[in-house]
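Here are the chains, one letter per residue:
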Amino acid sequence: MTHIQYAWMIYVAGSLGCCLAVWGMFFWAWRFIRYSAVVTLIVILFTPFAIEQETMALAPAIFTLVFEGMAQGEEAIKPLLKLMAGIWLIAIILVSVFVILTRNLAKDTDTSDSYEDYDSQHSSAQSRRVKRSRPSTAATTSAQAHHTNASDLSAQEQRARAELMSGELPMRAIRD
């Protein structure tokens, strides 16, 4: 292997580490923002550019952009900026389509899996807690008053209501 291949391997490994860091930094954000941040970084770090037309020697476009911009000025980097902007726009459009197409799929799988896991983990603890302690008459009266409306609720809403009424910590909201 040549020195250039080693340099590319190190560059790719470092760039992938940066992508993971950006993913972690934007983990709190909405999926579109998180994916867009990662795609933007990928476009900046991984867009190749031919530095020699005869041998087709490639280098990361960001390096060419910086060094050519400092050495030759703004006119020399306009084609490179157009290339990177075009790649970025295509990538953002693809991310938008992906987020829209998988919007309902992500919500359905996340909620059903988390509720099943939650039920399996906490059902035995909840039944033991109910057997040990009897609620006060005021609590049972308010629970009976709310129980008449419980038949209109979905299964997930009934589980959440039962959890709140039993004194447990409420379920956490599930991110998209």
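Residues numbered from 1 in each chain as written. Predicted model: local features only at pLDDT ≥ 70, side-chain atom pairs only at ≥ 80, totals over all residues. Heavy atoms only, no water.

Colleague: Kindly report on the overall build of the protein chain, identifying the contributing residues and their values.
Modeller: Check the secondary structure of the protein chain and you find seven helices and two strands. Along the protein chain, from the amino end to the carboxyl end, the secondary structure elements read α-α-β-β-α-α-α-α-α. Here the protein chain holds 176 residues, and the buried ones make up 20% of them. Contacts in the protein chain between residues at least 24 apart in sequence constitute 53% of all its contacts with a sequence separation of at least 6. In the structure as shown, the protein chain presents an accessible area of about 12,800 Å², 66% of it carried by carbon and sulfur atoms. (Helix = DSSP H or I, 4+ residues; strand = E, 2+ residues; numbered from the N terminus. Buried < 20%, exposed > 50% of the residue type's maximum accessible area, 1.4 Å probe, protein only. Contact = heavy atoms within 4.5 Å. Areas by Shrake-Rupley, 256 points an atom, 1.4 Å probe, with all protein chains shown as cover.)

Colleague: Give a detailed account of the pairing of strand β1 (residues 48-52), specifying residues and quantitative values.
Modeller: Across a regular strand the side chains alternate sides, sitting on one face of the sheet and then on the other. Where β1 lies against strand β2 (residues 57-60), four bridges are found, and the strand directions are antiparallel. When the sheet's bridge partners are listed, P48 is paired in β2 with P60. (Pairing = 2+ DSSP bridges.)

Colleague: Could you give an account of the side chain of S15, naming the residues involved and the relevant values?
Modeller: Within the secondary structure, S15 sits in helix α1 (residues 3-25). The residues touching S15, leaving out its near neighbours within four places in the chain, are L45 and F46.

Colleague: So what's going on with the pattern of salt bridges? Residues and values would help.
Modeller: Counted by the stated rule, this structure contains one salt bridge. Put simply, E75 and K78 hold a salt bridge, and the shortest N to O gap is 3.3 Å. Here K78 and E75 lie together in helix α4 (residues 74-101), a separation of three residues that amounts to about one turn. We classify K78 as partly exposed; its relative accessible area is 35%. (Salt bridge = Lys/Arg side-chain N within 4 Å of Asp/Glu carboxyl O.)

Colleague: Quick one: what's the story with helix α2 (residues 31-46), residue by residue and with numbers?
Modeller: With 16 residues, α2 extends 22 Å from end C-alpha to end C-alpha; this agrees with the ideal 22 Å at 1.5 Å per step. For α2, the complete set of buried residues consists of R31, R34, Y35, S36, A37, V38, V39, L41, V43 and L45. (Expected span 1.5 Å × (residues − 1).)

Colleague: Can you lay out the nonpolar core for me, pointing to particular residues and giving the numbers?
Modeller: Of all hydrophobic cores here, the largest spans seven residues; its members are Y11, C19, V22, A37, V38, L41 and L45. Within the residue set of this core, elements represented by two or more residues are α1 and α2. Here this core gets four residues from one element, more than from any other, and that element is α2. Setting aside residues no more than four positions away along its own chain, V38 makes contact with C19, V22 and W23. (Core = buried A, V, L, I, M, F, W, Y, C linked by side-chain atoms within 4.5 Å.)

Colleague: So what's going on with the packing of α1 against α2? Residues and values would help.
Modeller: α2 packs onto α1 with a crossing angle of 160° between their chain directions and a minimal axis gap of 9 Å. Between α1 and α2, the angle falls in the class roughly antiparallel. Relative to α2, the crossing made by α1 is right-handed. Contact residues: Y11, V12, S15, L16, C18, C19, V22 and W23 in α1; R34, Y35, A37, V38, L41, I42, L45 and F46 in α2. (Axes fitted to C-alpha atoms, helices over the stretch in contact; angles between N-to-C directions. Parallel < 35°, antiparallel > 145°, perpendicular 65-115°, else oblique. Left-handed = near helix turned anticlockwise from the far one by under 90°.)

Colleague: Just give me the short version of the confidence of the model for the protein chain, but keep the residues and values in it.
Modeller: For the protein chain, the mean per-residue pLDDT works out to 75, and 68% of the residues sit at or above 70. When the criterion is pLDDT under 50, residues 110-114 qualifies, and its contacts beyond four places in sequence or with other chains add up to five contacts. Within the model, the stretch residues 130-134 combines pLDDT values under 50 with zero contacts to residues more than four positions away or in other chains. (pLDDT = per-residue confidence, 0-100.)

Colleague: Please give an account of the packing of aromatic side chains that cites residues and values.
Modeller: The full count for this structure, using the stated rule, is six aromatic pairs. With 5.8 Å between their ring centres and 50° between their planes, Y35 and F98 make a pair best called tilted. Taken together, the positions of Y35 in helix α2 and F98 in helix α4 put the pair 63 residues apart, joining distant regions of the chain. Under the relative-accessibility criterion, F98 is labelled partly exposed at 43%. Put simply, the rings of W8, Y11 and F63 touch in pairs and so form one group of aromatic residues. Just above the ring of W23 sits the side chain of R34; from NZ or CZ to the centre is 4.9 Å. (Phe/Tyr/Trp six-rings, centres within 6.5 Å; stacked < 30°, edge-to-face > 60°. Lys NZ or Arg CZ within 6 Å of the ring centre and 35° of its normal.)

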